[in-house]
Amino acid sequence: KINGAGVRAGLVIKPNTPASAVFPYLKDIYMVLIMTVEPGFGGQSFMENMLPKAAEIKAEAQRQGVSIVLEADGGINAGTIQQCARAGIDICVSGTGVFKADNPKKAIEELKALSDKHCVMLIRICIMQCLFFLLRCFLQAFFHAQVYMI
């Protein structure tokens, strides 16, 4: 239904969800968001052990002959964005890494430089972060039992 409405669908996997949970849906989605913290509140520590999911998902997508965009959200800062890039993450979302920085403008500039260096797209505009958060809350509130959050 989502794709039929002209909207690109994506899935979110939480830390306790195995990467294989998205495999049956890879042909119907364009993006998988890998939560690198437990969703619900900011300021948590980055969970590096979530990154192997990126390789698993990319490998299965390649096996199925589909292209997939991987996004990471949670604990993204100057120290973790490079790990994400090495793991195959395409897009990083940084909330607390920017909002709670001593100098948010400098934090954005540093993350942008690192993302450019490692060919990772950084969702770095505060308004975009807020809209993304609101969209995620809406999807969770109204479609939690659906495929949006597994």
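Please read these numbers as outputs of a predicted model, since none were measured by experiment.

## Observations regarding the overall build of the chain
And then number 1: A count of helices and strands for the chain gives five helices and five strands.
And then number 2: The order of helices and strands in the chain, counted from the N terminus, is β-β-α-β-α-β-α-α-β-α.
And then number 3: Scored against the burial criterion, the 150 residues of the chain give a buried share of 37%.
And then number 4: Intrachain contacts of the chain at a sequence separation of at least 6 include 59% that bridge at least 24 residues.

## Observations concerning the nonpolar core
And then number 1: By size, the foremost hydrophobic cluster in this structure holds 27 residues, and its most contacted members are L26, V32, I57 and I89.
And then number 2: Broken down by secondary-structure element, the contributors of at least two residues to this core are β1 (10–13), β2 (31–35), α1 (52–64), β3 (69–73), α2 (81–87) and α4 (104–117).
And then number 3: Apart from residues no more than four positions distant in its own chain, V32 is found in contact with L11, I13, V22, L26, I57, I68, V69, L70 and E71.
And then number 4: Counting five residues, the second-largest nonpolar core is a separate cluster that includes V12, L33, M35 and V37.

## Some words on the confidence of the model for the chain
And then number 1: Chain-level statistics for the chain give a pLDDT mean of 79 and a share of 75% at 70 or above.
And then number 2: The weakest mean pLDDT in the chain belongs to strand β5 (residues 121–123) at 54; the strongest belongs to α1 at 96.

## Regarding the environment of F99
And then number 1: Following the sequence through the fold, F99 ends up in helix α3 (residues 96–99).
And then number 2: Look at F99 and you get partly exposed, because its relative accessible area is 41%.
And then number 3: Sequence spacing of F99 and G43 is 56 residues, and the spatial spacing of their C-alpha atoms is 9.9 Å.

## Details of the pattern of salt bridges
Side chains carrying opposite charge are able to pair once their charged atoms draw close together.
And then number 1: Following the criterion strictly, the structure yields two salt bridges and no others.
And then number 2: For E60, the salt bridge goes to R63, with nearest N and O atoms at 2.7 Å. In this pair, E60 and R63 are both assigned in helix α1, three residues apart and thus about one turn of the helix distant.

## Looking at the pairing of β2
And then number 1: The buried count for β2 comes to five of five residues, which makes it a mostly enclosed element.
And then number 2: Residue alternation in β2 divides its side chains into two sets, M31, L33 and M35 and V32 and I34, and both sets are buried.
And then number 3: Sheet topology note: the β1/β2 ladder contains four bridges and is parallel. Across the sheet, V12 pairs through a bridge with L33, a residue of β2.

## So, the side chain of K53
And then number 1: On the secondary structure map, K53 appears in helix α1.
And then number 2: Although K53 is buried, it forms no salt bridge, and the closest oppositely charged side chain is E56 at an N-O distance of 7.6 Å.
And then number 3: Those residues within four positions of K53 in sequence are excluded, and the remaining contacts are I13, K14, P15, N16, T17, A19 and I34.

## A word on the environment of Y30
And then number 1: By the secondary structure assignment, Y30 is in the loop between β1 and β2.
And then number 2: Assessed through its relative accessible area of 27%, Y30 is described here as partly exposed.
And then number 3: For the pair Y30 and L11, spaced 19 residues apart in sequence, the C-alpha separation works out to 8.7 Å.
And then number 4: Dropping the residues within four chain positions of it, Y30 is found in contact with R8, A9, I68 and V69.

Criteria and cut-off values
Residues numbered from 1 in each chain as written. Predicted model: local features only at pLDDT ≥ 70, side-chain atom pairs only at ≥ 80, totals over all residues. Heavy atoms only, no water. Helix = DSSP H or I, 4+ residues; strand = E, 2+ residues; numbered from the N terminus. Buried < 20%, exposed > 50% of the residue type's maximum accessible area, 1.4 Å probe, protein only. Contact = heavy atoms within 4.5 Å. Core = buried A, V, L, I, M, F, W, Y, C linked by side-chain atoms within 4.5 Å. pLDDT = per-residue confidence, 0-100. Salt bridge = Lys/Arg side-chain N within 4 Å of Asp/Glu carboxyl O. Pairing = 2+ DSSP bridges. Lys, Arg positive; Asp, Glu negative; His and termini not counted.

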